[in-house]
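# Summary of structural features
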Amino acid sequence: MQRYAKPCRSVLYIPGSKPRALDKAQTLPVDAIIFDLEDAVSPDEKAPARDTLSATLNGSDFGPRTRLVRINGFDTAWGADDLAMLKDTAHDAVLLPKVEDPETVAKARSSLGPDAKIWAMMETPKGILNAANLAALPGMQGFVMGTNDLAKELGSRTRGAMLTSLQLCLLAARAEGLVCIDGVYNAFKDEDGLRAECEEGRDMGFDGKTLIHPAQVGVANAFFGPSQEALSLARRQIDAYEQAKASGQGVAVVDGRIVENLHVETANRLLAQAEAIALLEG
Ligand code: COA
Ligand code: MG
């Protein structure tokens, strides 16, 4: 299956109850936005936030930014109304919280239609143990790691203790060609900490990072986008491989390292990502 083609380096949560933050989002250099009706919105604000969000999405231009709407669970008093609201609200995909079973996904799809794109919060032990089955469901397009809920459920205190869960979800996502986005970094004023976690998440294979504050956007874009050095190496690998092939050889050598067909595929993917970013940034 074709992976979601648009960049997802920076994926910013915005509480649906904060009109000022919703306005600000239209100017931020984020790749995607999670308009949140779930945990960032208090019970008293749920209904007004739903109305504010619907009006904002129908009345505003978020440009090329992917618009995800995180609704409340179907086991709450608000989930069904959130889903109903989405039927006539502009958005790109629905993000379902605490997904554990195929029935939850089927319910969203039966309401929104067969073309609906679905993303799942992966944040409970049951959901994560079921990741491979969830990834393969019709309409499923992306996983978002909910590391705060996961830490709570596991009783874990460090990111290291969550690595197995993160990797299980990445494996499942890659097996089905889904996007997979890393969890949030809570200390939004600690840029060094954010950089370290972005680097780790990128090296693990995540497509991007979920963010809670505009100040985190630049770091995520920098770490999850290809660097100039990486792009230059990719071009040299492609050229060297073409030359090797023209002279009847199956492999090339660049900077003392072997370059095979599979490396060329990775290099081409990197160039395509850079093009998609350039397109998005206009
Ligand atoms: N998206 C868009 N804009 C945001 C934003 C966000 N997530 N968080 C803050 N801003 C805006 C504020 O509206 C403010 O704009 P202004 O200058 O026009 O007034 C500006 O950025 C600076 O905000 P700041 O004062 O530094 O932050 P805060 O103290 O008001 O809020 C948080 C801090 C963490 C409470 C807030 O960033 C937030 O609610 N984040 C999202 C939390 C969330 O969605 N959690 C659920 C998933 S974990
Ligand atoms: Mg959660």
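Residues numbered from 1 in each chain as written. Chains lettered and ligands numbered in written order. Predicted model: local features only at pLDDT ≥ 70, side-chain atom pairs only at ≥ 80, totals over all residues. Heavy atoms only, no water.

Residues of helix α3 (residues 79-86) that are buried include every one of Gly79, Asp82, Leu83, Met85 and Leu86, and no others. Burial along α3 is one-sided: seen end-on, the buried residues are contained in an arc of 155°. Residues of α3 that are buried make contact with α2 (46-59), β3 (66-70), β4 (93-96) and α4 (102-112). (Buried < 20%, exposed > 50% of the residue type's maximum accessible area, 1.4 Å probe, protein only. Helix = DSSP H or I, 4+ residues; strand = E, 2+ residues; numbered from the N terminus. Arc of directions from axis to C-beta. Contact = heavy atoms within 4.5 Å.)

The assigned domain composition of the chain is domain 1 (10-224) and domain 2 (228-280). Of note, the centres of domain 1 and domain 2, computed from C-alpha atoms alone, are 33 Å apart. (Domains from an automatic or database assignment.)

Most of strand β5 (residues 118-122) sits out of view: 5 of its 5 residues are buried. Residue alternation in β5 divides its side chains into two sets, Ile118, Ala120 and Met122 and Trp119 and Met121, and both sets are buried. Of the strand pairs in this sheet, β4 and β5 are connected by 3 bridges, and their pairing is parallel. Bridged to leucine 96 within β5 is alanine 120. For the segment spanning β4, α4 and β5, crossover handedness is right-handed. (Pairing = 2+ DSSP bridges. Right-handed = clockwise from strand over helix to strand, strands pointing away.)

Let's shift gears to the nonpolar core. For soluble globular proteins, the rule of thumb is that nonpolar side chains tend to be buried together. Counting 55 residues, the largest nonpolar core has Phe35, Val69, Leu96, Met122 and Phe143 as its most contacted members. In this view, phenylalanine 143 contacts Ala120, Met122, Ala131, Leu134, Ala135, Cys169, Ala172, Ala173, Leu178, Val179, Cys180 and Ile181; residues no more than four positions away in its chain are not counted. With 14 residues, the next largest nonpolar core counts Cys8, Val11, Leu95 and Trp119 among its residues. (Core = buried A, V, L, I, M, F, W, Y, C linked by side-chain atoms within 4.5 Å.)

Take the coordination of the magnesium ion (ligand 2) next. For the magnesium ion (ligand 2), the full set of protein donor atoms is Glu123 (OE) and Asp149 (OD), and the range of their distances to it is 2.0 to 2.2 Å. Remark: aspartate 149 occurs in helix α7 (residues 147-154) and glutamate 123 occurs in the loop between β5 and α5 (125-129); sequence separation between them is 26 residues. We note that glutamate 123, like aspartate 149, is buried. (Donors = N, O, S within 2.8 Å, 3.2 Å for Na, K, Ca; no water.)

Every one of the 15 residues lining ligand 1 counts as a neighbour, but Tyr13, Lys18, Arg20, Ile212 and His213 are closest to it. In this structure, tyrosine 13 approaches ligand 1 through a main-chain N or O atom, which is 2.7 Å from a nitrogen atom. In the environment of ligand 1, a nitrogen atom lies 2.8 Å from a nitrogen or oxygen atom belonging to the backbone of isoleucine 212. Here ligand 1 has 900 Å² of accessible area as a free molecule, and 63% of this is covered by the chains. Secondary-structure elements contributing two or more residues to the shell around ligand 1 are β1 (10-15) and α1 (19-25). Here the element with the most residues in the shell around ligand 1 is β1; it accounts for 4 residues. Classifying every residue of the shell around ligand 1 by side-chain character gives 9 nonpolar, 1 polar and 5 charged. (Near = heavy atom within 4 Å. Polar contact = N/O pair within 3.5 Å; in protein donor to acceptor, adjacent residues only side chain to side chain. Areas by Shrake-Rupley, 256 points an atom, 1.4 Å probe, with all protein chains shown as cover. Nonpolar A, V, L, I, M, F, W, Y, C, P; charged D, E, K, R; others polar.)

Of note, the phi angle at lysine 98 is positive, near 45°, even though the residue is not glycine. With respect to the helices and strands, lysine 98 occurs in the loop between β4 and α4. Even without being glycine, aspartate 255 reaches a positive phi, approximately 50°. Here aspartate 255 is to be found in the loop between β9 (252-254) and β10 (257-259). Residue classification places aspartate 255 among the exposed residues on the basis of a relative accessible area of 54%.

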